[in-house]
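Topology and contacts: notes
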Amino acid sequence: MVDFQFFMVNAVFPDASRFIILITLMIAAFYASLMGLEGIARTGTILFLIVLIALVTIAFTLHNRINLLNLKPVLYEPVKSILSVAWQDTARNMELLIFMMVVPNIKGKAAKSLLGYILLISVLLCTISFLVATVLGEFTFRQIFPFYMIASVVDSKIIRRFDAIHMTLWVITAFLRT
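Since we're looking at a predicted model, the values are computed, not measured.

Cut-offs applied
Residues numbered from 1 in each chain as written. Predicted model: local features only at pLDDT ≥ 70, side-chain atom pairs only at ≥ 80, totals over all residues. Heavy atoms only, no water. Helix = DSSP H or I, 4+ residues; strand = E, 2+ residues; numbered from the N terminus. Buried < 20%, exposed > 50% of the residue type's maximum accessible area, 1.4 Å probe, protein only. Areas by Shrake-Rupley, 256 points an atom, 1.4 Å probe, with all protein chains shown as cover. Core = buried A, V, L, I, M, F, W, Y, C linked by side-chain atoms within 4.5 Å. Contact = heavy atoms within 4.5 Å. Patch = residues over 30% accessible without salt bridge, like charges linked within 9 Å, V, L, I, M, F, W, Y side chains within 5 Å. Salt bridge = Lys/Arg side-chain N within 4 Å of Asp/Glu carboxyl O. Expected span 1.5 Å × (residues − 1). Polar contact = N/O pair within 3.5 Å; in protein donor to acceptor, adjacent residues only side chain to side chain. Axes fitted to C-alpha atoms, helices over the stretch in contact; angles between N-to-C directions. Parallel < 35°, antiparallel > 145°, perpendicular 65-115°, else oblique. Left-handed = near helix turned anticlockwise from the far one by under 90°. Nonpolar A, V, L, I, M, F, W, Y, C, P; charged D, E, K, R; others polar.

1. A few points about the overall build of the protein chain
If you tally the helices and strands in the protein chain, you get 8 helices and 0 strands. From first element to last, N terminus to C terminus, the protein chain shows the α and β order α-α-α-α-α-α-α-α. Across the 178 residues that make up the protein chain, the buried fraction comes to 23%. Put simply, the protein chain shows about 12700 Å² of open surface, and 70% of that area lies on carbon and sulfur atoms.

2. Here we look at the nonpolar core
One finds Ile 58, Leu 62, Ile 150 and Val 154 to be the most contacted residues of the largest nonpolar core, which totals 13 residues. Listing elements by their share of this core, those giving two or more residues are helix 3 (37-61), helix 6 (110-136) and helix 7 (146-153). If near-sequence neighbours (up to four positions away) are discounted, Ile 58 is found in contact with Phe 147, Ile 150, Ala 151, Val 154 and Phe 162.

3. Some remarks on a nonpolar patch on the surface
Taken together, Met 94, Leu 97, Ile 98, Met 101 and Val 102 make up a surface patch of nonpolar side chains, about 470 Å² in accessible area. With respect to the helices and strands, the residue Ile 98 is situated in helix 5 (residues 94-102). Residue class for Ile 98 comes out partly exposed when judged on its relative accessible area of 42%.

4. Remarks on helix 3
Compared with the 36 Å implied by 1.5 Å per residue over 25 residues, the 36 Å span of helix 3 between its first and last C-alpha is a close match. Within the sequence span of helix 3, burial applies to Leu 47, Ala 54, Leu 55, Ile 58 and Thr 61.

5. Things to note about the environment of Leu 124
Note that Leu 124 resides in helix 6. In the structure, Leu 124 is positioned 72 residues away from Leu 52 in sequence and 8.3 Å away in space, judged by C-alpha atoms. Residues within four places of Leu 124 in sequence aside, it is in contact with Phe 48, Leu 52 and Leu 55.

6. Quick word on the environment of Asp 163
By the element assignment, Asp 163 lies in helix 8 (residues 162-177). As a C-alpha pair, Asp 163 and Val 153 span 10 residues in sequence and 8.3 Å in three-dimensional space.

7. Considering the side chain of Thr 134
One can find Thr 134 in helix 6. Side-chain polar atoms of Thr 134 contact the backbone oxygen of Leu 131, separated by 3.5 Å. Those residues in contact with Thr 134, other than ones at most four positions away along the chain, are Arg 65, Ile 66, Asn 67, Leu 68, Asn 70 and Leu 71.

8. Description of the packing of helix 3 against helix 8
Helix-helix packing is described using two parameters, namely the angle between the two axes and the distance between the axes. Close contact between helix 3 and helix 8 brings their axes to 11 Å; oriented N to C, the two are set at 155 degrees. Taken as axis vectors, helix 3 and helix 8 run roughly antiparallel relative to one another. Remark: the crossing between helix 3 and helix 8 carries left-handed chirality. For the pair formed by helix 3 and helix 8, the contact residues are Ile 40, Thr 43, Gly 44, Leu 47, Ile 50, Val 51, Ala 54, Thr 57 and Ile 58 on the first element and Phe 162, Ile 165, Leu 169, Ile 172, Thr 173 and Leu 176 on the second. The residue makeup of the contact of helix 3 with helix 8, split by class, is 11 nonpolar, 4 polar and no charged.

This is the structure:
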């Protein structure tokens with residue numbers, strides 16, 4: 001919730017109260033918890049499909065802005081720092097922790113589901129990192145939310161405001177994680 005609040009206050013609504021944003025999210029999450037886990041799970045599945053569609057659309061829309069010269073060699077930084085960042089990103093994945101706690105109670109092929117989840121998340125994160133690095137280049141280091149910047153740079157004839165879609169996905173994701 002801290003990341004969501006930071007995003008909303010710094011990138012979307014700079015004049016909004018942090019308290020109001022968090023209270024609104026908590027009320028919505030409380031109401032959803034009263035409605036049951038099945039509805040939240042269905043919402044998560046729908047959100048996952050929407051995120052995939054949005055990511056593919058953004059990737060195809062940005063194909064002419066991708067500059068492979070913005071990529072640095074993998075070993076430009078020491079391997080230890082690359083592994084450190086990978087470990088930090090993995091440790092921040094709260095869904096993985098929850099999944100590990102629930103696995104003993106699941107009947108069936110939970111290990112296969114866990115592997116599929118890890119692979120899907122890894123592919124999504126690699127795709128987003130590739131797009132951010134190749135489109136923004138060095139400008140990435142000056143952005144707090146580089147993928148939000150990419151979403152606002154996208155220019156499509158069908159959809160003009162991908163940043164609004166990105167913000168909506170942040171709201172729904174924060175709701176599901178709460």
